[in-house]
Amino acid sequence: MAVAKVIELSTSSTSGIEDAVKTGLAKCAESVKNIQGAWVNEIKVTTDDAGNIQEWRVNLKVSFVVK
């Protein structure tokens, strides 16, 4: 029987959502093994005074199998 665990991460990127997710998962994979998938459950941006996007921020729920 397999047991899965879910952890929540916050990550950011100045390039976009996809880069934020990839960067967060890569950093997570340095210490968490057997990652099975991730859910993006929140997206946020920071802007300058003119409304231009400065940074993309995402919250991820990452699932992995505990062996």
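Residues numbered from 1 in each chain as written. Predicted model: local features only at pLDDT ≥ 70, side-chain atom pairs only at ≥ 80, totals over all residues. Heavy atoms only, no water.

## Focus on the overall build of the chain
Across its full length, the chain carries 1 helix and 3 strands. Going from N to C terminus, the chain has its helices and strands arranged as β-α-β-β. At 14 Å, the chain has a C-alpha radius of gyration far larger than the 11 Å of a compact globule built from 67 residues. Each principal axis of the C-alpha atoms in the chain carries an extent, and together these give about 55 × 20 × 15 Å. Here the chain holds 67 residues, and 24% of them are scored as buried. Sequence-distant contacts, at least 24 apart, represent 62% of the contacts inside the chain between residues at least 6 apart. Per element, the accessible surface of the chain, about 4,700 Å² overall, is 50% carbon and sulfur. Averaging the coordinates of the 8 positive side-chain charges in the chain and doing the same for the 8 negative ones gives two points 13 Å apart. (Helix = DSSP H or I, 4+ residues; strand = E, 2+ residues; numbered from the N terminus. Rg over C-alpha atoms; globule rule 2.2 N^0.38 Å. Buried < 20%, exposed > 50% of the residue type's maximum accessible area, 1.4 Å probe, protein only. Contact = heavy atoms within 4.5 Å. Areas by Shrake-Rupley, 256 points an atom, 1.4 Å probe, with all protein chains shown as cover. Lys, Arg positive; Asp, Glu negative; His and termini not counted. Charge placed at Lys NZ, Arg CZ, Asp CG, Glu CD.)

## Looking at unusual backbone geometry
Positive phi outside glycine occurs at Asn-34, with the angle close to 65°. Residue Asn-34 is classed as partly exposed on the basis of its relative accessible area, which comes to 32%.

## Here we look at the pairing of strand 2 (residues 35–47)
With 11 bridges connecting them, strand 2 and strand 3 (residues 53–66) associate as antiparallel partners. Across the sheet, residue Gly-37 finds its bridge partner in strand 3, namely Ser-63. Where strand 2 folds back on strand 3, the antiparallel hairpin that results is connected by 5 residues, among which Gly-51 adopts a positive phi of roughly 90°. (Pairing = 2+ DSSP bridges.)

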